[in-house]
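Examining the three-dimensional arrangement
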Amino acid sequence: KGQQCFFYKRAQIVVADLWASVGDCGRRRGKEKKSDYDNPCHFKDIQSLTTFADYRIPQLLRHLGVLRYDDDLSSKVDSKQELMAGSMDELYIRASAVVAVEKLVQLVRDELLSMCRASDDGVGVVEDGEGGDENEKKMMKTKCKILADDVSAVKLDWYLWNLGEQMDREGKLGPHHRVRTIFY
């Protein structure tokens, strides 16, 4: 209370979209990079971006039971009452969505790393029913680590947003919070 809180949703989307279309994310789709300087959108700190705190992600997270609102806030959202821009209710919804997505990112990373450890112990999916040689195990561990490192709030946001859009089109989501603002 008494302090400003900024989410920078639109600024983060610009950075993420540049990265996805011409930066490092694009390179993984076959565009080879010659040096760190040949692509100004090769952002090495993309992991520092948070989820894009708007309306769809909190709506989906609430539907999935990841977020729970108190009775008063639930009533406001469910009755489609407009929340005041910058109010504690709006800040609670947006901030809790950011925190929840960060925790989900960590859970996904931990699960992928756990799968890596399980493959080290001989537990896990092995092709052709064989245990595989040491080189195969080492390569699988490297792939798991790369996958775990590649999980980010940006990518999880894209996945959740698309899932939320689909579920909303199918009429499976309840109302989202409403705020009259230029920021999202």
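Residues numbered from 1 in each chain as written. Predicted model: local features only at pLDDT ≥ 70, side-chain atom pairs only at ≥ 80, totals over all residues. Heavy atoms only, no water.

Take the overall build of the protein chain next. Along the protein chain, the regular secondary structure elements total 7 helices and 2 strands. Walking the protein chain from its N terminus toward its C terminus, one meets helices and strands in the order α-α-α-α-β-α-α-α-β. A total accessible area of about 12,200 Å² is found for the protein chain, and carbon and sulfur atoms account for 55% of it. (Helix = DSSP H or I, 4+ residues; strand = E, 2+ residues; numbered from the N terminus. Areas by Shrake-Rupley, 256 points an atom, 1.4 Å probe, with all protein chains shown as cover.)

The full count for this structure, using the stated rule, is 3 aromatic pairs. Here Phe6 and Tyr8 contribute two aromatic rings whose centre-to-centre distance is 5.6 Å and whose plane-to-plane angle is 20°, an arrangement assigned as stacked. With a relative accessible area of 52%, Phe6 lands in the exposed category. Summarising the aromatic geometry, the rings of Tyr69 and Tyr92 are spaced 6.1 Å apart at their centres and angled 75° between planes, so their arrangement reads as edge-to-face. (Phe/Tyr/Trp six-rings, centres within 6.5 Å; stacked < 30°, edge-to-face > 60°. Buried < 20%, exposed > 50% of the residue type's maximum accessible area, 1.4 Å probe, protein only.)

With that settled, consider the side chain of Arg56. With respect to the helices, strands and loops of the structure, Arg56 is situated in helix α3 (residues 56-63). Not counting chain neighbours up to four residues away, the residues in contact with Arg56 comprise Trp161, Gly164, Glu165, Asp168 and Leu173. (Contact = heavy atoms within 4.5 Å.)

For helix α4 (residues 71-78), the full list of buried residues reads Leu73, Ser74, Lys76 and Val77. In a view along the axis of α4, the buried residues occupy a sector of 165°, so they form one face of it. Residue Asp70 occupies the N-cap position of α4, its side-chain oxygen lying 3.2 Å from the main-chain nitrogen of Asp72. Immediately beyond the C-terminal end of α4, within one or two residues, lies Lys80, with a positive phi of roughly 60°. (Arc of directions from axis to C-beta. Polar contact = N/O pair within 3.5 Å; in protein donor to acceptor, adjacent residues only side chain to side chain.)

A few words on the nonpolar core. The tendency in soluble globular proteins is for nonpolar side chains to be buried as a group. One finds Leu61, Val101 and Leu160 to be the most contacted residues of the largest nonpolar core, which totals 23 residues. The element contributing the most residues to this core is helix α5 (residues 88-120), with 6 residues. (Core = buried A, V, L, I, M, F, W, Y, C linked by side-chain atoms within 4.5 Å.)

Unusually for a residue other than glycine, Tyr8 sits at a positive phi of about 55°. Counting through the fold element by element, Tyr8 comes out in the segment before α1 (9-22). Given the relative accessible area of 55%, Tyr8 is considered exposed. The phi dihedral of Lys80 falls on the positive side, at around 60°, and the residue is not glycine. Examined against the element boundaries, Lys80 turns out to sit in the loop between α4 and β1 (82-83).

The next thing to look at is the environment of Tyr184. In this structure, Tyr184 sits in the segment after β2 (178-179). Taking the relative accessible area as the measure of exposure, Tyr184 reaches 18% and is therefore buried. Ignoring anything within four residues of it in the chain, the contact list for Tyr184 reads Lys9, Arg10, Ala53, Asp54, Tyr55, Glu90, Arg94, His177 and Val179.

What follows covers a nonpolar patch on the surface. The grouping of Val14, Leu18 and Val22 at the surface amounts to a nonpolar patch, some 230 Å² of accessible area in total. Examined against the element boundaries, Val22 turns out to sit in helix α1. The class for Val22 is partly exposed, based on a relative accessible area of 39%. (Patch = residues over 30% accessible without salt bridge, like charges linked within 9 Å, V, L, I, M, F, W, Y side chains within 5 Å. Salt bridge = Lys/Arg side-chain N within 4 Å of Asp/Glu carboxyl O.)

Helix packing for two helices is described by the angle between their axes and how far apart those axes are. Relative orientation of the contacting elements α1 and helix α7 (residues 153-169) amounts to 90°, with a least axis distance of 11 Å. Considered as vectors, α1 and α7 are oriented roughly perpendicular to each other. Side by side, α1 and α7 meet where Ala16, Asp17, Trp19 and Ala20 of the first sit next to Val154, Lys155 and Trp158 of the second. (Axes fitted to C-alpha atoms, helices over the stretch in contact; angles between N-to-C directions. Parallel < 35°, antiparallel > 145°, perpendicular 65-115°, else oblique.)

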